Amino acid sequence: MLPATWSRLSCRVLSSRGQRTLSLFSSSGPSNWTKVVSDAEKIVGYPTSFMSLRCLLSDELSNVAMHVRKLVGTQHPLLNTARGFVYDSKNNLQMRGLIVLLLSKAAGPSHAASDLLAQDMVSGIYPSQRNLAEITELIHTAFLVHRGIVNLKEWTVSDGPLKDMQFGNKMAVLSGDFLLANACTGLAQLDNTKVVELISSAIGDVVQGLYYENSSNTEENSLTGGVDVATWEEQAFLSHGALLAKSCQAAMELAKHDKEAQRLAYKYGKHLSLGHKLNSDLQPFVKSSVGEPVSFSLSAAPVVFHRQIVGKERWHQQLEQAKTLRNQLDYSKLLAAVKSEKGVSSAVDLCCYHGNKALEAIQAFPSSEARSALENIASAVTKF
């Protein structure tokens, strides 16, 4: 259940005195986010943008890449995913690995770790924690690739030749499975059964979350009422938060930190992920301008809040009013309907709640550059 207090929270977020706020979605342009990532990478002494380079340059994946090149000129979404690995000006695809490394550095060595382990540390991070960050990114990347699979039942002539879509789907399945296999191999090499259990359960959570997401992210589901806010939050955690939360906990386990440190790391990853998801869902509602083409998911957080506020009957009426003569949804009309009520402000409040909870969790760690970076990232997800 949602805490009763979140709706009364403002977006005034806790932060260290004298620290500047770093924004994930700054209006000043992509260069600001690039600098944020660059600064954070300097703290951990590791360029996370090349975290999966050893895997991506392997002979096996090189063969896959040669086949993927055949998709150039088609409209298969796998190409957009591949381009994002090279350059994505809006979001950093390696953010999860970076946060695992920052948390590892912020926590430092535990009292239970031997002096021999401390000698292996580089920039305050154990090699096993760096490997875990790579594994986390490989798993996330694998699911991104798998998301690029096209539903051929919804294929139309405007999407391009059917054979291109079929070939692209085969490459998406093969590439994603290859990355997951590499992640599982690296996971076994960590030689820690609890970490294997944590990350394995996270993979299961993501699969379950994506199943729920795909089943609810349809117009038909919205017409029948859709999910409530509490259910939305549970599903969003499974698909977007479980991997980071359990990876943060696993990083503490690898350094032999106690259960309390593991709990706080898990809490930070969980609330940061949910705040980031809410921020992403809110973008079309807070950034859209009059006359611009609008597109958003009917399972986005502001829509879920709006549907719960106005009730099922009125929501059905608004959907009908937003339909065009061709029986397609006019998203600009639907956007205006959602913005006319408190769905957007309620989603903003919940985003601020999760940002504050993430900041609350990180306060228990010693003051350091790494902790300041984590605080700034948590503050950033509440900025619009």
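Everything discussed here concerns the structure shown above.
Parameters and conventions
Residues numbered from 1 in each chain as written. Predicted model: local features only at pLDDT ≥ 70, side-chain atom pairs only at ≥ 80, totals over all residues. Heavy atoms only, no water. Helix = DSSP H or I, 4+ residues; strand = E, 2+ residues; numbered from the N terminus. Buried < 20%, exposed > 50% of the residue type's maximum accessible area, 1.4 Å probe, protein only. Contact = heavy atoms within 4.5 Å. Areas by Shrake-Rupley, 256 points an atom, 1.4 Å probe, with all protein chains shown as cover. Phe/Tyr/Trp six-rings, centres within 6.5 Å; stacked < 30°, edge-to-face > 60°. Lys NZ or Arg CZ within 6 Å of the ring centre and 35° of its normal. Polar contact = N/O pair within 3.5 Å; in protein donor to acceptor, adjacent residues only side chain to side chain. Core = buried A, V, L, I, M, F, W, Y, C linked by side-chain atoms within 4.5 Å. Salt bridge = Lys/Arg side-chain N within 4 Å of Asp/Glu carboxyl O. Axes fitted to C-alpha atoms, helices over the stretch in contact; angles between N-to-C directions. Parallel < 35°, antiparallel > 145°, perpendicular 65-115°, else oblique. Nonpolar A, V, L, I, M, F, W, Y, C, P; charged D, E, K, R; others polar.

**Q** Any chance you could break down the overall build of the protein chain for me, citing the residues and the numbers?
**A** Across its full length, the protein chain holds 17 helices and 0 strands. Looking at the protein chain as a whole, 51% of its 384 residues qualify as buried. Looking at the protein chain alone, contacts between residues at least 24 apart form 79% of all its contacts between residues at least 6 apart. Carbon and sulfur atoms form 53% of the exposed surface of the protein chain, whose accessible area is close to 18,900 Å².

**Q** Give a description of the packing of aromatic side chains that names residues and reports values.
**A** Inspection of every chain in the model, using the stated rule, returns 4 aromatic pairs. For the pair Phe296 and Tyr331, a centre-to-centre distance of 5.1 Å together with 90 degrees between the ring planes defines the contact as edge-to-face. Of this pair, Phe296 sits in the loop between helix H12 (259-287) and helix H13 (301-310) while Tyr331 sits in helix H15 (residues 331-339), and the two are 35 residues apart along the sequence. Taken together, Phe285, Phe296 and Tyr331 form an aromatic cluster joined through their ring pairs. Between Lys270 and the ring centre of Phe237, over which it is positioned, the NZ or CZ distance is 5.8 Å.

**Q** So what about the side chain of Thr136? Which residues, and what values?
**A** Position of Thr136 among the secondary structure elements: in helix H7 (residues 127-147). For Thr136, a relative accessible area of 1% translates into the label buried. Within the local environment of Thr136, its side chain forms a polar contact with the side chain of Ser247, the two groups lying 2.9 Å apart. For Thr136, the residues in contact, after removing those within four places along its chain, are Arg96, Val100, Leu243 and Ser247.

**Q** Kindly report on the nonpolar core, identifying the contributing residues and their values.
**A** Counting 56 residues, the largest nonpolar core has Leu102, Leu103, Leu132, Ile139, Tyr268 and Leu272 as its most contacted members. Ranked by residues supplied to this core, first place goes to helix H5 (residues 95-107) with 9 residues. Once residues within four sequence positions are removed from consideration, Leu132 is found in contact with Val100, Leu190, Val195, Ile199, Ser247, Ala250, Ala251 and Leu254.

**Q** Describe the environment of Leu244, with residues and values.
**A** Among the structural elements, Leu244 can be located in helix H11 (residues 229-254). Linking Leu244 and Arg96, residues 148 residues apart in sequence, is a C-alpha distance of 6.1 Å. Aside from chain neighbours lying at most four places away, what touches Leu244 is Arg96, Ile99, Val100, Gly269, Leu272 and Ser273.

**Q** Could you give an account of the pattern of salt bridges, with specific residues and numbers?
**A** Applying the stated criterion to the full structure yields 9 salt bridges. Between Lys323 and Glu320 there is a salt bridge, and its shortest N-O distance comes to 3.6 Å. Because the salt bridges share partners, they merge into one network encompassing Lys267, Lys357 and Glu360.

**Q** Pulling in residues and values, what's your account of the packing of helix H14 (residues 312-321) against H15?
**A** To describe two helices that pack against each other, one gives the angle between their axes and the distance between the axes. Put simply, H14 and H15 touch, their axes get as near as 9 Å, and they point 150 degrees apart. In this view, H14 runs roughly antiparallel relative to H15, as classed from their interaxial angle. Along the contact surface, H14 presents Trp315, Gln318, Leu319 and Gln321, while H15 presents Lys333, Leu334 and Ala337. In the contact of H14 with H15, the residues fall into 4 nonpolar, 2 polar and 1 charged.

**Q** How would you explain the environment of Ser239 if you had to name every residue and give the values?
**A** One can find Ser239 in helix H11. With 31 residues separating them along the chain, Ser239 and Gln208 place their C-alpha atoms 7.3 Å apart. Separated by 2.8 Å, the side chains of Ser239 and His240 make a polar contact.

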